[in-house]
Amino acid sequence: MAATIEPSVADVFAWLDAVPDPEIPVISIRDLGIVRDVWWSGEGMERTLTISITPTYVGCPAMRVIEADIVAALSARGVAHTNVEMRLAPAWTTDWLTANGREKLRAYGISPPRPRDLAADPRALDLVALLGTLEERAACPRCGSLDVALVTRFGSTPCKAQYRCVTCREPFDHFKAH
Amino acid sequence: MSDTTDLATYAMRLGDNALVLGQRLATWTGHGPSLEEDLASTNVALDLIGHARLWLAYAAQCEGRGRDADALAFTRDARAFTNVLLVERPNGDYAQTIVRQFFFDAWHLLVLRALCASRDARIAAIAEKAALEVTYHVKRSGDWMIRLGDGTDESHARMRVAIDDAWPYTAELFAMDAVDDAMVARGIGCDLAALHAPWRTYVETVLTDATLAFPTDGVMHGGGRAGVHTESFSYLLAEMQSVARSVPAERW
């Protein structure tokens, strides 16, 4: 009879580092910052590994794929019972993207999100002030120019907007600060 | 009504608004006026349907009648839907789609930001998540208000028609009823009436940039939240629910 395999939480985190984002496969789901927690629970045959993840955008169809990819990756490592839990709060923000993930995005041709401006009161009701300060500061991933023009706020996936570099004329995706 | 019944109704209203507008926008998919706009309206629809799933799942849990989010979306009749009339207005031309979207988005963002302070942890969590996404919605629809209003004579004229068409449906967004009062008293809901002034201020700013006149109130319509809907809503519902109703036990 084969011995029961119970990898450590650290090992599981390392394995999740190899699970790519289905839409932007150059970064892993850990680079994306959506893996919130990992723990074991239950006894004996019911021993279960739970992975808590948080959605990037609630309607993003990639979340279902990510869930299935996590279960498949852990199953390949011999984990029999995996439970993927979707945790809503605290809400995911692009500030959780790792430095490594940002660099991978840039190298791939996607302008990474800038840090969010946290000075504004999240509950203030003055939309003129709020929305007036929302302009993105994308940089061209090809030449680094900040002289860029927004093409559309909604790109090929919910998390990206499309820009064009005025300096080198390159069209590019920008990962929106969120 | 009991505490959980009020809470279920409250979550259901938020979910129904998102679901119905998401369904309206989804029918633009493949028919948008440009590729970028096709993607944008589809993305906004996706966000809204994602929000609807969260709100309706919570509504179903609060009502405790063994239904889930899908059952609420696909098996209720028109009289049981609690969305405001504005979101069920037909798509019309792109001016009508954008004006409906802008009036709703600006209201939606204010509501969600206010609900971030809700004493109900689930409502606050969904609101915080959704507010981040809706911030992009209102930026986009506001940009298009200006682009079309301050565009050609044709686009400007169509925007004026669209504004006059949608305006009578905006009062319902801010009307308080017994459920709202109860939710405010418990620190769960938000005071819709208090959001009217910030909404008007923002709408007026954008309309001014768009060279469009601020409309005057005439006869204002309501009743959607009580289940009294317009004729076009039944067609929307029939299309949205037809597959789920014809094969109720099917899974895919």
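Remember, predicted model here, so these are calculated numbers, not experimental data.

Trainee: Would you mind going over the overall build of chain B with me for this structure?
Mentor: If you tally the helices and strands in chain B, you get ten helices and zero strands. Reading chain B from its N terminus to its C terminus gives the helix and strand order α-α-α-α-α-α-α-α-α-α. With the principal axes as the frame, chain B shows a C-alpha extent of 55 × 45 × 35 Å. Expressed as a percentage of its 252 residues, the buried residues of chain B come to 50%. Look at the contacts in chain B between residues 6 or more apart in sequence, and 75% of them connect residues 24 or more apart.

Trainee: Help me understand the sheet that holds strand 3 (residues 82–86) of chain A, please; the structure alone is not making it clear to me.
Mentor: Backbone-to-backbone hydrogen bonds join strands into a sheet, with any given pair of strands oriented parallel or antiparallel. All names here are of chain A. An order of 1-2-3 is seen for the three strands of this open sheet, with the pairing classed as mixed. Because the sheet does not close on itself, it has two edges, and the strands there are strand 1 (35–41) and strand 3. Averaged over all pairs of adjacent strands, the angle between strand axes in this sheet comes to 20 degrees, irrespective of strand direction. When strand 1 meets strand 2 (residues 48–53), the two strands line up antiparallel, connected through six bridges. Residue Trp40 lies in a different strand from strand 2, and its bridge partner there is Leu49. Those strands touched by helix 2 (residues 62–76) are strand 2 and strand 3, and its axis lies near 155 degrees from that of strand 3.

Trainee: Quick question: what am I supposed to make of the interface of chain B and chain A here?
Mentor: When the parts of a complex come together, some accessible area is lost, and that lost area is often used as the size of the interface. Facing the 33 residues of chain B at the interface are 21 residues of chain A. When contributions to the side of chain B that touches chain A are tallied by element, the ones reaching two or more residues are helix 2 (35–63), helix 5 (94–115), helix 6 (121–149) and helix 9 (196–209) of chain B. Looking at the side of chain B that touches chain A element by element, the count peaks at twelve residues for helix 6 of chain B. Residues belonging to the side of chain B that touches chain A are distributed by class as follows: 18 nonpolar, seven polar and eight charged.

Trainee: Please explain the nonpolar core as it appears in this structure.
Mentor: Side chains of a nonpolar character, in soluble globular proteins, are inclined to be buried together. Counting 116 residues, the largest nonpolar core has Ala11, Trp55, Ala59, Leu86, Val99 and Ala106 of chain B as its most contacted members. The dominant element in this core, judged by the number of residues it contributes, is helix 5 of chain B, at 15 residues. Counting the residues that make up this core, at least three belong to each of domain 1 (9–86) and domain 2 (110–175) of chain A.

Trainee: Is there a simple way to explain the domain arrangement of chain A in this structure?
Mentor: All names here are of chain A. On domain assignment, one finds that chain A holds domain 1 (9–86) and domain 2 (110–175). When each unit is reduced to the centre of its C-alpha atoms, the spacing between domain 1 and domain 2 is 29 Å. Every contact between the two is made by six residues of domain 1 and, on the other side, four residues of domain 2. Residue composition of the side of domain 1 that touches domain 2, grouped by class: three nonpolar, two polar and one charged.

Trainee: How should I be thinking about the confidence of the model for chain B in this particular structure?
Mentor: In low-pLDDT regions, the fine details of the predicted coordinates are not to be read closely. In the predicted model, chain B carries a mean pLDDT of 95, and 99% of its residues have values of at least 70. Of the two predicted TM-score estimates for the complex, the pTM is 0.91 and the ipTM is 0.80.

Trainee: Would you explain the packing of helix 1 (residues 3–26) of chain B against helix 2 of chain B in this entry?
Mentor: Two packed helices can be described by the angle between their axes and the distance between those axes. All names here are of chain B. At a minimum axis separation of 7 Å, helix 1 and helix 2 run at an interaxial angle of 160 degrees. For the element pair helix 1 / helix 2, the angle class is roughly antiparallel. In this structure, helix 1 meets helix 2 at a crossing whose hand is left-handed. For the contact of helix 1 with helix 2, the class distribution of residues is 20 nonpolar, five polar and one charged.

Trainee: I tried to follow unusual backbone geometry on my own but got confused; where do I start?
Mentor: Across residues other than glycine, the phi torsion is negative in most instances, and most of the peptide bonds are trans. The omega angle of the peptide bond from Ala89 of chain A to Pro90 of chain A is -5 degrees, so this bond is cis rather than trans. Backbone geometry at Arg169 of chain A places phi at a positive 70 degrees, although glycine is not the residue there. You can see Arg169 of chain A is positioned in the loop between strand 6 (160–165) and strand 7 (171–175). Arg169 of chain A gets classed as exposed once you count the C-beta atoms within 10 Å, which come to 10. With a phi close to 55 degrees, Thr211 of chain B is a non-glycine residue in the positive phi region. Its place among the elements puts Thr211 of chain B in the loop between helix 9 and helix 10 (231–246). Given 12 C-beta atoms within 10 Å, Thr211 of chain B falls into the exposed group.

Trainee: Sorry if this is basic, but what is going on with the sheet that holds strand 7 of chain A here?
Mentor: All names here are of chain A. Here we have four strands laid out as an open sheet, ordered 4-7-6-5, and mixed in their pairing. Either end of the sheet is taken by a strand with one partner, and the two such strands are strand 4 (110–111) and strand 5 (148–152). Note that strand 5 and strand 6 share four bridges and pair antiparallel. Paired with Leu150 across the bridge in strand 6 is Tyr163.

Procedures and definitions
- Every chain's residues receive numbers from 1 upward, in the order its sequence appears when written.
- Each chain takes a letter, starting from A, and each ligand takes a number, starting from 1, following the order in which they are written.
- For this predicted model, a pLDDT threshold of at least 70 governs which residues receive local features, and a threshold of 80 or more governs which side-chain atom pairs are given and counted, while totals over whole chains, interfaces and linings are taken from all residues.
- Counting from the N terminus, the helices are the DSSP runs of H or I reaching at least four residues and the strands are the DSSP runs of E reaching at least two.
- Working definition of burial: number of other C-beta atoms within 10 Å of the residue's own, with buried at 20 or more, exposed at 12 or fewer, and partly exposed in between, all C-beta atoms being placed from the backbone.
- Whether two residues are in contact depends on their C-beta atoms, placed from the backbone: they are in contact if these lie within 7 Å.
- Here, a strand pair is defined by DSSP locating no fewer than two bridges between the strands.
- Interaxial angles span 0 to 180 degrees and are taken between N-to-C directions of axes, which are lines fitted to C-alpha atoms, for helices over the stretch in contact.
- Think of it as three bins: nonpolar holds Ala, Val, Leu, Ile, Met, Phe, Trp, Tyr, Cys and Pro, charged holds Asp, Glu, Lys and Arg, and polar takes everything else, Gly as well.
- For this analysis, nonpolar core means a set of buried Ala, Val, Leu, Ile, Met, Phe, Trp, Tyr and Cys residues linked through C-beta atoms within 7 Å.
- How far each domain reaches was decided by an automatic or database domain assignment.
- Values of pLDDT, which run from 0 to 100, indicate the predictor's confidence residue by residue.
- Angle categories are assigned with fixed cut-offs, so that under 35 degrees is roughly parallel, over 145 is roughly antiparallel, 65 to 115 is roughly perpendicular, and the rest are oblique.
- The crossing is said to be left-handed when, going from far helix to near helix, the turn is anticlockwise and less than a right angle, and right-handed when the turn is clockwise.

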